[in-house]
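Structural description and commentary
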Protein chains: 2
Amino acid sequence: MNPVLTKTIQETRYRLASARQGGKSIGLVPTMGALHMGHARLIDAARSECDFVVVSIFVNPLQFAPNEDYSRYPRALQADFEVSGRRGADLVFAPGVDDMYPEEQLTFVDVPKLSDTLCGAFRQGHFRGVATVVLKLLNIVQPDRAYFGEKDMQQLAIIRRMARDLRLPTAIAAVPTVRETDGLAMSSRNQYLDATQRQAAPVVYRSLTKARELAQAGEQDASIIQAAALDILKAEPQARVQYFELVDDDMQPVRAVAKGVHAAAAVFFGPTRLIDNILCL
Amino acid sequence: MNPVLTKTIQETRYRLASARQGGKSIGLVPTMGALHMGHARLIDAARSECDFVVVSIFVNPLQFAPNEDYSRYPRALQADFEVSGRRGADLVFAPGVDDMYPEEQLTFVDVPKLSDTLCGAFRQGHFRGVATVVLKLLNIVQPDRAYFGEKDMQQLAIIRRMARDLRLPTAIAAVPTVRETDGLAMSSRNQYLDATQRQAAPVVYRSLTKARELAQAGEQDASIIQAAALDILKAEPQARVQYFELVDDDMQPVRAVAKGVHAAAAVFFGPTRLIDNILCL
């Protein structure tokens, strides 16, 4: 059955009120659209755990810097609607910018400590924009559970911490990264890659698996692991590394690798910036 | 009938779930305790509009600067519990600091534009602390309506804007300031005043009513009104003015008085800082 498509907050709340009154548990999968298999797995997870599944599709201007790809970010509402329906979503909520931001946004949510490293060090205001829009979406949908991909590790850490710190009534669920057969993490931005860049892009995952291998073989010195991973990335002429870091749960760089440490990378292929991460130990 | 007293978030949510399942509308009156007639009117308003009334009592460390009066802020839980009961509250929620902040608070909510003027210019981080704790309380109680006093005008403006910007499902209700017969606005901090200071304190309200009189008589120049009000305040030797401003809805100082403009003042009497405000037009 096709999901319901809502384009306004008002109609969304109206539809959800009746689901809620029927005692249904509600799952939310917040996305920026251009859905791929990674999103599909998020919807699958919500479908398996909740009675009523909402997929939101909103390319959030607040999380893009002026020099970033907001205007050319891929939009494919019809295809996204169909994918959502095939995975069993009950409602697709695709608000317009004017509905989400009817006036100047003056209120911001921030988790500074977790936002200042990794991507946050290079994308000024990005995670403030992410946290703020996610909180808005959670307030609109009021889901029992909300689903986020592990690929966006720092985003996930920030949203988890925000939910805990603000005592949100929503449980934050994480879903593993889905990869192409050559290891490239699924991302809506992969479609920006030309053939040469696409062929080169799995080097990111190879650098991450190298870091994990070394850590699991007993190497504890983060700088040695980082250097080995950077060697792999630098051997690929298409790749331009923005960062490769080993971080703890609070997204702080570590000197020594311990349980829970992730390796995380941001790498440009031409103008396209890809991120990925792996649990080392 | 006595209200229920809860001291943990978990028990509070449990009690509220049964009220909610019974279809009751929920009203929240967030306070820092030391309840006076101003608070009583907030509870009265909630009682008249909601089926189930919660009074929260929490002196929030996050909104006090190190040099401020957090440790000596008046605490009177037993009396507050009784007042709440007499006004018809169903539940008094008095969490401990460890329950509200079980770990370092890393997430903050901020409305910078509305927070940078008036009290915010002198109390660094204050409104960030207020907005953050109010959002936590709203997330814990999930009320249909939450009640705030007009005496704390800037706080009210910030919380209203936060609720709108974040699409909170809670309506923010404002309740008029309650005054002593000599005009002094009710405040938990009035009990800090000695007899001489207490006698002098109504000068704040007199300066505000002067501003309103001039505005209503047709004076549009904010600086003339401000000067007249400051003359009144400076004639009182017990009073030390921190600010006297005329501001619009966004708490921005105005040059010309127009509809909706408030006069607002912060004045010290000895070490005690009192605030008050009035709608001029």
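Please read all numbers here as calculations on a predicted model, not as lab measurements. (Residues numbered from 1 in each chain as written. Chains lettered and ligands numbered in written order. Predicted model: local features only at pLDDT ≥ 70, side-chain atom pairs only at ≥ 80, totals over all residues.)

What follows deals with the overall build of chain A. Assigned secondary structure in chain A consists of 11 helices and 10 strands. In terms of principal-axis extent, the alpha carbons of chain A reach across some 55 × 40 × 40 Å. For chain A, the residues scored as buried account for 44% of the 281 residues in total. (Helix = DSSP H or I, 4+ residues; strand = E, 2+ residues; numbered from the N terminus. Buried ≥ 20, exposed ≤ 12 C-beta atoms within 10 Å, placed from the backbone.)

Right, let's get into the interface of chain A and chain B. Listed as interface residues are 22 residues of chain A and, on the opposing side, 22 residues of chain B. Listing elements by their share of the side of chain A that touches chain B, those giving two or more residues are β5 (108-110), α5 (112-115), α7 (126-141) and α8 (153-165) of chain A. In terms of residue count, α7(A) provides more of the side of chain A that touches chain B than any other element does, four residues in total. Looking at the side of chain A that touches chain B residue by residue, the classes come out as 12 nonpolar, four polar and six charged. Of the pairings in the sheet, the one linking β5(A) to strand β5 (residues 108-110) of chain B comprises three bridges and is antiparallel in character. (Contact = placed C-beta atoms within 7 Å. Nonpolar A, V, L, I, M, F, W, Y, C, P; charged D, E, K, R; others polar. Pairing = 2+ DSSP bridges.)

Quite often, the size of an interface is put as the accessible area lost when its parts meet. Residue and element names in this part refer to chain A. When cut into domains, chain A gives domain 1 (4-175) and domain 2 (193-279). Across the boundary between the two partners, domain 1 contributes 10 residues, which contact 15 residues of domain 2. Listing elements by their share of the side of domain 1 that touches domain 2, those giving two or more residues are α5, α6 (118-122) and α8. Classifying every residue of the side of domain 1 that touches domain 2 gives six nonpolar, two polar and two charged. (Domains from an automatic or database assignment.)

Residues and elements named next belong to chain B. Ordered by their spatial adjacency, three strands build an open sheet running β8-β9-β10, and the pairing between neighbours is antiparallel. Every other strand in the sheet has two partners, leaving β8 (239-247) and β10 (272-279) as the edge strands with one partner each. The mean inter-strand angle of the sheet, taken between neighbouring strand axes irrespective of direction, is 15 degrees. Two elements, β8 and strand β9 (residues 262-269), share eight bridges in a ladder whose sense is antiparallel. In the sheet register, R240 faces β9, and the bridge partner there is F268. Sitting on the sheet, helix α10 (residues 203-216) touches β8, β9 and β10, and the angle it makes with β10 is about 25 degrees. Together, β8 and β9 form the strand contacts of helix α11 (residues 222-234), whose direction differs from that of β8 by roughly 160 degrees. (Axes fitted to C-alpha atoms, helices over the stretch in contact; angles between N-to-C directions.)

What follows concerns the sheet that holds strand β2 (residues 26-31) of chain B. Within a sheet, each strand pairs with its neighbour through backbone hydrogen bonds, oriented either parallel or antiparallel. All names here are of chain B. Here we have six strands laid out as an open sheet, ordered β1-β4-β3-β2-β6-β7, and parallel in their pairing. Pairing within the sheet leaves two strands with one partner each, and these edge strands are β1 (4-6) and β7 (171-175). Pairs of neighbouring strands in the sheet enclose a mean axial angle of 25 degrees, with direction left out of account. Relative to strand β6 (residues 145-149), β2 runs parallel, the two sharing two bridges. Following the sheet pairing, G27 is matched in β6 by R145.

To continue, consider the relation of the copies chain A and chain B. Rotating chain A by 180 degrees and translating it 0.0 Å along the rotation axis places it on chain B, where the RMSD comes to 0.0 Å. Put plainly, the chains are arranged around a two-fold axis. Considering only C-alpha atoms, the residue of chain A closest to the rotation axis is A:V109, which sits at 2.3 Å. By residue overlap, the copies meet face to face through one surface: 100% of the interface positions of chain A are interface positions in chain B. (Least-squares fit on C-alpha atoms with pLDDT ≥ 70 in both.)

All right, on to the confidence of the model for chain A then. The predicted model of chain A has a mean per-residue pLDDT of 97, with 100% of residues at 70 or higher. Among the scores for the predicted complex, ipTM is 0.96 and pTM is 0.97. (pLDDT = per-residue confidence, 0-100.)

On to the nonpolar core, then. Counting residues in each nonpolar core, the largest one holds 156 residues, and the members touching the most others are A:A131 and B:A131. Not counting residues within four places of it along the chain, the set of residues in contact with A:A131 comprises A:V109, A:D110, A:V111, A:I158, A:I159 and A:M162. (Core = buried A, V, L, I, M, F, W, Y, C linked by C-beta atoms within 7 Å.)

Residues and elements named next belong to chain A. The geometry of α7 relative to α8 is characterised by a closest axis approach of 10 Å and an angle of 50 degrees between their N-to-C directions. What the angle tells us is that α7 and α8 run oblique. The interaxial crossing formed by α7 with α8 has right-handed handedness. Of α8, the residues touching α7 (which contributes F127, V130, A131, V134 and L135) are Q155, I158, I159 and M162. Looking at side-chain class alone, the contact of α7 with α8 contains eight nonpolar, one polar and no charged residues. (Parallel < 35°, antiparallel > 145°, perpendicular 65-115°, else oblique. Left-handed = near helix turned anticlockwise from the far one by under 90°.)

What follows deals with α8(A). All names here are of chain A. The terminal C-alpha atoms of α8, which comprises 13 residues, lie 18 Å apart, in line with the 18 Å expected from a rise of 1.5 Å per residue. The element α8 is extensively covered by neighbouring structure, given that 10 of its 13 residues are classed as buried. Every buried residue belonging to α8 is among M153, Q154, Q155, A157, I158, I159, R161, M162, A163 and D165, and all of these are buried. (Expected span 1.5 Å × (residues − 1).)

Positive phi, normally seen in glycine, also occurs at A:Q142, with a value near 45 degrees. Residue placement: A:Q142 occurs in the loop between α7 and β6 (145-149). Backbone geometry places B:R167, a non-glycine residue, at a positive phi of 55 degrees. For B:R167, the position within the fold is in the loop between α8 (153-165) and β7. Since 17 C-beta atoms lie within 10 Å of it, B:R167 is described here as partly exposed.

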